[in-house]
Every structure is written in structure tokens, then in C-alpha cells.
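Listed here are the chains, written in short residue letters.
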Amino acid sequence: MRRKIIGYMLVIFTLFIFGAGVTSLYIANTTRELSRLITLYQVDHLRQNLVINIQSIQEDLYAYNNEPTPQRADSIMNDAEELKNTSRKCKTCHHPPKHALRIEKLQTLINNYEKTLTDYLSVPSGSVDGFRPEVMEIGDDLLTVAKEMTRAASRKLEVTANSAMVKINDATKILFATVLLSFALSLWVASRLTASITRPINELINATRRLASGDLEYRIAYDEDTEFAELGRTFNNMSAALKDGYERLETVNEQLQREIEERKRAEDAIKESERFLNIIFDSIRDPFCIFDSDFRIIRANEAYAELKNRMGEELIGKRCYELFYDHEVCQTCLVKKTFVSSDPCAKEKHLTGPGGEEMWIEIYTYPIFGDDGKVTHVIEYAREITDRKRAEEERKRLIGRLEYLSRTDALTGLLNRRAIIDRLEYEIKRARRHGSELSLILCDVDHFKGINDTYGHTVGDKVLQSVSKTLQASIRTTDLAGRYGGDEFMIILPETSRSGAEKLAEKINYSVRTNEFKVTDEKSISFSISLGVATFDSAEDDTDSIINRADRDLYASKGRARSRV
């Protein structure tokens, strides 16, 4: 564009210089013509003065009574001299030969006329009549030539003046045409430059608007090597870059949109899951809380707060051991155990409830793992098992009672037949395994049937109870006593030899025999027992054999007058 503007300005400047040059040539030529015309006018003025003076002299010469005055003669001489000088100057001009001959003739006549006139004025007044005709004739010839030259000069002046005016008019026209053409060319150049500037600017503005409206395919067409063409190329490159960037942006936007939708779905799922978890959390009626790795409670339900006898907001963000125990983490803490082992844990705990009541709870802890596989949180879930514990204790009591009843004789409180036989079998196996000693005592109440018949079964039952108490008071803690059946009793003596068993039997017999039993407040009776002793022989014995030997020994004692061992 800069080169185009410079080119247009050079064209305008060249045109203006050309017009100015032509006009200057015309003006210079016209100036020369005017200078020549002025000179011609000056010469013509001299000729006219000369003609007037000559006419005056001639009139004086023709009038006999008048003589030319010296002043008139001097004037003629001066005019003649000027005319001569002018004629001399004219010889240097480029006149045609005919005009030059007239000038020479005029000079010759002027010289003759000057000479004759001088002579005429210098002669005595009485002799002038002889010179008058000659002077008059030369003056007439000079006047005739001068008039002809004056008429010719007037015609020449008119022609020259007209030519000068034509040249002046031509120069004016050329100058006007030059100015007009320069102005027109300037307008044309201005319009061209305006079009050259505004067209690409408008096209650039339109392209910018199209680009702003989203038409990234629009391109500026350029076929010139100008700054606007460079701007168009830059715009096209920018548009292409924007289109490429927009396409990449659309791709990224689509990807982001998909990610946003996926994230939104994930967030909705998380919200739904959180809502569902909140519902589950709020639905849990048992104490429930979540601990972080610093043993801080990050969430707890109302049941947990009630269990701890605290407000819910007091728990959140607090360390459990500082809140409840005011010391370091307990060594038996299930939460700590779960953090360390990464395994669920459980335990039962006896505590005092918010109302001061005794209660049992069952505590469960479950680990929550992070992305790195480490435990980040632990869930603690507790449920009250007081009723269950009571039921279990009642059940244990009942079972114990049933076991007791199933293994204990209801009347004497000793082991019943089945229980004492089971213990005998166990002790036999133990003695055989360890090679230890084992003894067995069987006893029964002498004449027990007579007691029942005489005093009744109630007294008989009391007699049996008295015997059982004597047995229990006589044996060691490792020994076992049981009611073998009816009025018979069995005593198992682990780690006891036969002699030891016999001594114990004697002791028991003595205690029973020396004990008086009150039937009523006024009446007491005495009774005795017979005892049989057998010792375990690991080579031969089993349950039946050792019982049979003790039973035979018992009946042998009864055969020897009873109340014996």
C-alpha cells in the first residue's frame, strides 16, 4: 500500500511538473513576445514622434512665412537620433530582408534629411529659398517611408499583440487544464486509495464480524502484495488457528462434558449412596460411630450419644479416650486392635448405663480401607445384650441346675449313680494312663429297712442325709462321694492306696456309729454302716470289676456282724 501511494503521488507530481513546465515555456515565450512588443511599441512611439515632428517641420517649410524654430529642429534631431539608434538596434533583430531594407532606407533618408535640414538652418536667411524645396522633398520622402513603416509596424504590433494574447490564453488554458487534470487525477487517486484502503478494511471488518459470529471457515481473499494483504494472510492464519483451536476445544469440551456427565452421575450416585447410607445410619437404633486414625469420632448416632450420656455435638471431632477416660488409648481397645490388625474384632463389656442400671453390651469393630489398602477409619457398632446375657445366665443356671440335678442325688446332694459311675470310669482311665493308685469304697446303712419300717420313710431319708453329710465331711476335696442306690454310697479316692482307703473307711464308720440321730426332741437313735474297699489293678480292672470287688468286700463285712470294714 505504501508503494501504491508513493506511485500515485509520483504520477500526480509528474503530471503537475509537466503541466507547470509546459506553462512555464509558454509564459517564457509569451514574456519574450511581450518584451519584443514593448520594444516595438517604443520604436513605434519614436516613429510617431518623428512623423509628428517631420509633419510639423514640413508644415513650417510649406508655410513660407514660418521658419522652423531651433527648439523644433533640436527635437527633430533628437527624434532622428533616437530613430537612428532604434533603427540600428532593429538591424540586430531577426527581421525579414525587405523590412531591413526599409530600415536602411529610412536611416539613409534620416541622415540626408538631417544633413539638408542642418544645412538649411545654417545658411543665411536670404539663401534659404534655394534649399527649401530640397529639404521639403527629402522630408516628404522620409514622411512617406515613416508612415509606411508606421502602418506596417501597427499591423505587426497588432499581429504580435494578438499572438501574445493567444499564447497567454493558451498558457492560461494549459495551466488551468494542468490544475484541473491534477485535481481530477488527485480525486481519482484519492478514490482509488480510499477504495484500496476502505475495501480491505471493510472486508477485514466483515471477516471479523463473521469470525465473531462463529463462521471460522471464512477467509479473506488477497491478490496484492500490500500491507492489507499481509494483514489478510495474518487474519486467515489466525482464523485457521482459531478453527483448529476451536475444534480441539470442542473435542476437549465434549470430553469434559462426558466427564462432567459421568462425574454428575457419579455425584448423583454418591449422593444417592450417601442418602441411602444416611437412611441406614439413621435407621440404626443401636449405638454406632466411626473413628479416624487419630481416634477422633467423625460420626455418631443418637443411640451412641445416649449410651455415652453425652450430646451428639459433644462427640464429633473428639478423641474417644480423652472424652471418656481422660488417658491414653486403652491397651484392650477394640478400635486400636482393628487399626493394628486390619481385622474385625468383637467383645462383650459390662458397664453401668446412663440411668445407673447394670447392663451388658456387645461391641463390634470393622475396618474401612483406603485406596492404598491401609485402614483409614474404623466402625464401632454396639448393641445391648443385657437381656441376652441375663437369658444366658439363666440358661446357664438352668443348665447347671439340670446338670446338677442330672448328676446329683436330690435327697443327699451327692452325685447320683450315673454321675458317680461316669467319674469312676474317668478316674480308672486316668489311673491307667498315669499308672497312679485308685481306691473305691462302697457302704450302706445297716438295717435301713427296719428304720423305715419303724420310724417311717421321712426318718429314713434323714438318716441317709446324715450319712451323706458325714461322708462329705470326711473325704478330701479330690475325693468324690455319690449315692450308688437306695441306702448304698460310693466313694472314689484318687491317688489313694488300699491302706489309705481302709483308714478312711474306719474313720467314716466311727463317725457314723458315734453319731446319735434325733428322731424327735425326746428320742434319739443310733445306726451303723458297713463298708467294702477295693483297689484298682491296672492289669485287670475296669469299672465293673472294681465295683464288684468292693461290693463283695461290703457283703463280707455285713456277714461279719455289720458295722465293719
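Residues numbered from 1 in each chain as written. Predicted model: local features only at pLDDT ≥ 70, side-chain atom pairs only at ≥ 80, totals over all residues. Heavy atoms only, no water.

Enquirer: Help me understand the overall build of the protein, please; the structure alone is not making it clear to me.
Expert: Along its length, the protein carries 15 helices and eleven strands. Long-range contacts, defined as pairs at least 24 residues apart, comprise 60% of the intrachain contacts of the protein with a sequence gap of at least 6. Accessible surface for the protein amounts to roughly 34000 Å². Of this, 55% is attributable to carbon and sulfur atoms. (Helix = DSSP H or I, 4+ residues; strand = E, 2+ residues; numbered from the N terminus. Contact = heavy atoms within 4.5 Å. Areas by Shrake-Rupley, 256 points an atom, 1.4 Å probe, with all protein chains shown as cover.)

Enquirer: Please clarify how the pattern of salt bridges should be interpreted in this entry.
Expert: Between side chains of opposite charge, a pair can form when the charged atoms approach closely. What the rule picks out here adds up to 20 salt bridges. Measuring nitrogen to oxygen at the nearest pair gives 3.7 Å for the salt bridge that ties Arg430 to Glu427. Linking Arg430 with Glu427, this pair stays in helix α11 (residues 417-434), spanning three residues, or about one helical turn. For Glu427, a relative accessible area of 7% translates into the label buried. Salt-bridge contacts for Lys558 lead to Asp446; the nearest nitrogen and oxygen are separated by 3.1 Å. Linking Lys558 in helix α15 (residues 543-559) with Asp446 in the loop between β6 (438-445) and α12 (448-455), this pair joins segments that are 112 residues apart in sequence. The same class applies to Lys558 and to Asp446, which are both buried. Connected through salt bridges with shared partners, the residues Glu348, Glu362, Arg383, Arg388, Lys389 and Glu392 form a single ionic network. (Salt bridge = Lys/Arg side-chain N within 4 Å of Asp/Glu carboxyl O. Buried < 20%, exposed > 50% of the residue type's maximum accessible area, 1.4 Å probe, protein only.)

Enquirer: How should I be thinking about the sheet that holds strand β4 (residues 358-369) in this particular structure?
Expert: Working definition: the strands of a sheet are paired by backbone hydrogen bonds and lie parallel or antiparallel to each other. Spatially, the five strands line up as an open sheet ordered β2-β1-β5-β4-β3, and their pairing is antiparallel. In this open sheet, the two strands that pair with only one neighbour each are β2 (297-300) and β3 (345-352). Taking the axes of each pair of neighbouring strands and ignoring which way they run, one obtains an average angle of 25° across the sheet. With eight bridges joining them, β3 and β4 adopt antiparallel strand pairing. Across the sheet, the residue bridging to Thr352 is Glu358, located in β4. Docked against the sheet, helix α9 (residues 334-341) engages β1 (288-292), β3, β4 and β5 (375-384), running at close to 140° with respect to β5. In the packing of helix α10 (residues 386-407) onto the sheet, contacts are made with β3, β4 and β5, and the angle to β4 comes to roughly 120°. (Pairing = 2+ DSSP bridges. Axes fitted to C-alpha atoms, helices over the stretch in contact; angles between N-to-C directions.)

Enquirer: Even after reading the chapter, I still don't get the sheet that holds β6, so can you show me in this structure?
Expert: Ordered in space as β7-β8-β6-β11, the four strands form an open sheet in which the pairing is antiparallel. The sheet is open, and its two borders are formed by β7 (480-485) and β11 (529-535), each paired with just one other strand. Taken over all neighbouring pairs, the strand axes of this sheet differ in orientation by 20° on average, direction set aside. Looking at chain direction, β6 and β11 are connected through seven bridges and run antiparallel. Looking across to β11, one finds that Leu442 is bridged to Gly532. Sitting on the sheet, helix α13 (residues 457-474) is in contact with β6, β7, β8 (488-494) and β11, with an inclination near 10° to β8. Relative to β11, helix α14 (residues 498-513) is tilted by about 170°, and along the sheet it contacts β6, β8 and β11.

Just distances and angles here, no functional claims.
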